[in-house]
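A closer look at the structure
So the chains spell out like this:
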Protein chains: 2
Amino acid sequence: MSGREQAACCGRIETCERCGVRGLAVCRVLSPEELRELSRSMRTIELEPGEPLFHEGDPAHSVFTLTGGHLRLSRLLADGRRQVTGFLLPGDFLGLAFRDTYVATAEALDAAVLCTFPRTAFEDFLARHPRFEHELLARARSELAAAQEQMLVLGRKTARERLATFLVQLARRHGTGGRAVLHLPMGRADIADYLGLTVETVSRTFSAFRREGLVRLEGRSTVHIPSLPRLAAEAALE
Amino acid sequence: MSGREQAACCGRIETCERCGVRGLAVCRVLSPEELRELSRSMRTIELEPGEPLFHEGDPAHSVFTLTGGHLRLSRLLADGRRQVTGFLLPGDFLGLAFRDTYVATAEALDAAVLCTFPRTAFEDFLARHPRFEHELLARARSELAAAQEQMLVLGRKTARERLATFLVQLARRHGTGGRAVLHLPMGRADIADYLGLTVETVSRTFSAFRREGLVRLEGRSTVHIPSLPRLAAEAALE
DNA sequence: CACGCGCATTGACATGGCTCAAGAAATCCC
DNA sequence: GGGATTTCTTGAGCCATGTCAATGCGCGTG
């Protein structure tokens with residue numbers, strides 16, 4: 001594991017209580033005392049853009065909560081083909097989908113900040129706080145449902161439908177209304193590897209959406225969606 | 001919900017204790033007393049081949065353990081495109097990947113037998129038995145890892161690699177050694193919809209494998225695999 | 001045991017998305 | 001702020017897999 005580690009010395013508890021993702025992250029179900037107990041084993045990590053947090057196959061010694069920035073999860077085949085299995089936003093928990101070793105590689109898309117917990121301490125805490133385990137199970141359920149959704153995207157949707165689905169999902173995750181302005185922290189290659197397409201197809205499809213007025217592109221990574229319903233109609237959302 | 005329900009009257013507890021999947025299913029972590037408590041709200045259902053257990057979008061009132069036969073989970077797009085998100089074998093638990101409504105349709109592939117629990121009673125039991133919740137979380141983790149694996153298959157593998165991966169996975173799930181004889185409870189269309197292919201491509205790929213001696217087909221649904229490692233080499237398993 | 005139906009296989013052709021290649025536009029960095 | 005670098009876009013041609021259509025075969029049924 002890499003990244004600039006920081007012992008969360010004196011300011012530890014204040015860090016959690018003032019935490020920007022306090023209402024989003026798994027720890028939202030904890031009381032102040034429980035939070036204090038859990039945070040005793042917590043450290044903070046900062047990653048630079050592109051920096052890996054861990055690699056597929058590494059022994060899974062830690063679990064994480066992303067408090068700032070964005071992460072990319074991916075799996076690699078021997079010949080270099082890559083599948084991005086997910087993007088993490090602030091508040092997301094990282095530590096459900098692995099066994100003894102990490103099953104995917106996690107890398108920072110931009111400057112990212114994480115809380116990290118030794119797995120042993122975390123599981124120990126889990127065993128003593130069933131309500132916390134319940135919260136994790138709820139997240140796992142939600143991720144499973146999302147994973148099935150993604151299977152539908154990858155198995156049965158066209159390139160247009162895949163990109164439209166992706167943009168609509170992102171917009172919804174950001175909690176925006178009928179119109180939306182999205183910032184994409186990931187590049188075209190990441191989107192392609194997430195959607196099972198090539199960079200060229202993603203780019204062409206973006207251009208097609210632009211020509212049709214479904215999106216307006218500003219720079220590389222800002223997407224205006226004038227009508228979310230109209231884009232959703234392209235997404236074949238059942 | 002359909003299916004022939006049977007109140008598990010007098011023989012209820014013996015049913016669980018003698019259960020063929022006792023060592024496989026989630027209830028393996030329960031003590032005899034806990035088992036008795038849980039089984040109080042249990043009913044048994046039998047399904048005929050092709051019969052649905054529930055449909056995508058139905059309110060999720062129950063959770064299940066499959067004790068005999070096989071199930072297919074699938075999601076449908078408005079125009080009829082279908083993605084099979086999984087096949088269930090005896091011992092599998094059904095009730096992790098949904099929220100208030102079922103996110104997939106579950107149908108019997110052959111004559112299937114299930115234990116069914118009202119969701120409220122089940123969650124109530126869960127709240128009082130953290131060890132049981134822990135077991136469910138472990139299953140959820142495992143399913144999440146499997147779902148990511150399937151994303152890699154659907155997003156990045158060729159038709160040959162997909163079919164080879166599927167057969168190797170099935171063989172491993174059956175716990176067979178270097179050679180294997182598989183019975184496929186699902187048809188070619190189910191396999192196609194699971195792998196994001198068409199029936200024709202699945203059939204052609206089976207035939208190619210047969211010509212190359214990777215498999216021997218006996219009838220429609222029996223597959224001999226003379227060398228699992230050789231088939232695994234075709235599967236691009238990282 | 002033969003019939004007929006549904007599922008599987010095979011063939012011929014079409015096409016969506018991939019590959020390879022060039023040029024344009026951001027972004028980085030000094 | 002300008003040149004280098006990386007990323008993105010666009011174009012042309014191709015190929016793996018899809019589509020459409022015909023035939024074959026296993027299995028349940030009478």
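Since the model is a prediction, treat every value here as computed from it, not as a measurement.

With that out of the way, let us pick up the nonpolar core. Leu53(A), Leu71(A), Leu53(B) and Leu71(B) are the most contacted members of the largest nonpolar core, which has 84 residues in total. Ignoring anything within four residues of it in the chain, the contact list for Leu71(A) reads Leu47(A), Leu53(A), Leu66(A), Gly86(A), Phe87(A), Leu88(A), Leu94(A), Glu107(A), Ala108(A), Leu109(A), Ala112(A) and Leu114(A).

What follows concerns the protein's contact with DNA strand C. Thr201(A), Ser203(B), Arg204(B), Ser207(B) and Arg220(B) are the nearest of the 18 residues found near DNA strand C. Here the atoms of DNA strand C within 4 Å of the protein split so that 61% fall in sugar or phosphate, with bases taking the remainder. Arg204(B) is positioned with one of its side-chain polar atoms (N or O) 2.8 Å from a base nitrogen of DNA strand C. Mapped onto the surface near DNA strand C, the elements with two or more residues apiece are helix 7 (199-211) of chain A together with helix 7 (199-211) of chain B. Considering each element in turn, the surface near DNA strand C owes the most residues, 6 residues, to helix 7 of chain B. Residues of the surface near DNA strand C, tallied by class, amount to 3 nonpolar, 7 polar and 8 charged.

Attention now moves to the pairing of strand 12 (residues 222-225) of chain A. All names here are of chain A. Burial along strand 12 is two-sided: the face carrying Thr222 and His224 and the face carrying Val223 and Ile225 are both buried. Judged from the 3 bridges that link them, strand 11 (residues 216-218) and strand 12 form a sheet pairing that is antiparallel. Residue pairing for strand 12: arginine 216 is matched across the bridge by histidine 224. In textbook terms, the turn of a hairpin is the stretch between consecutive antiparallel strands, and for strand 11 and strand 12 this stretch comprises 3 residues, one of which, glycine 219, has a positive phi near 70 degrees.

Rules used in this analysis
Residues numbered from 1 in each chain as written. Chains lettered and ligands numbered in written order. Predicted model: local features only at pLDDT ≥ 70, side-chain atom pairs only at ≥ 80, totals over all residues. Heavy atoms only, no water. Core = buried A, V, L, I, M, F, W, Y, C linked by side-chain atoms within 4.5 Å. Buried < 20%, exposed > 50% of the residue type's maximum accessible area, 1.4 Å probe, protein only. Contact = heavy atoms within 4.5 Å. Near = heavy atom within 4 Å. Polar contact = N/O pair within 3.5 Å; in protein donor to acceptor, adjacent residues only side chain to side chain. Helix = DSSP H or I, 4+ residues; strand = E, 2+ residues; numbered from the N terminus. Nonpolar A, V, L, I, M, F, W, Y, C, P; charged D, E, K, R; others polar. Pairing = 2+ DSSP bridges.

The values are spatial; any link to function lies outside them.
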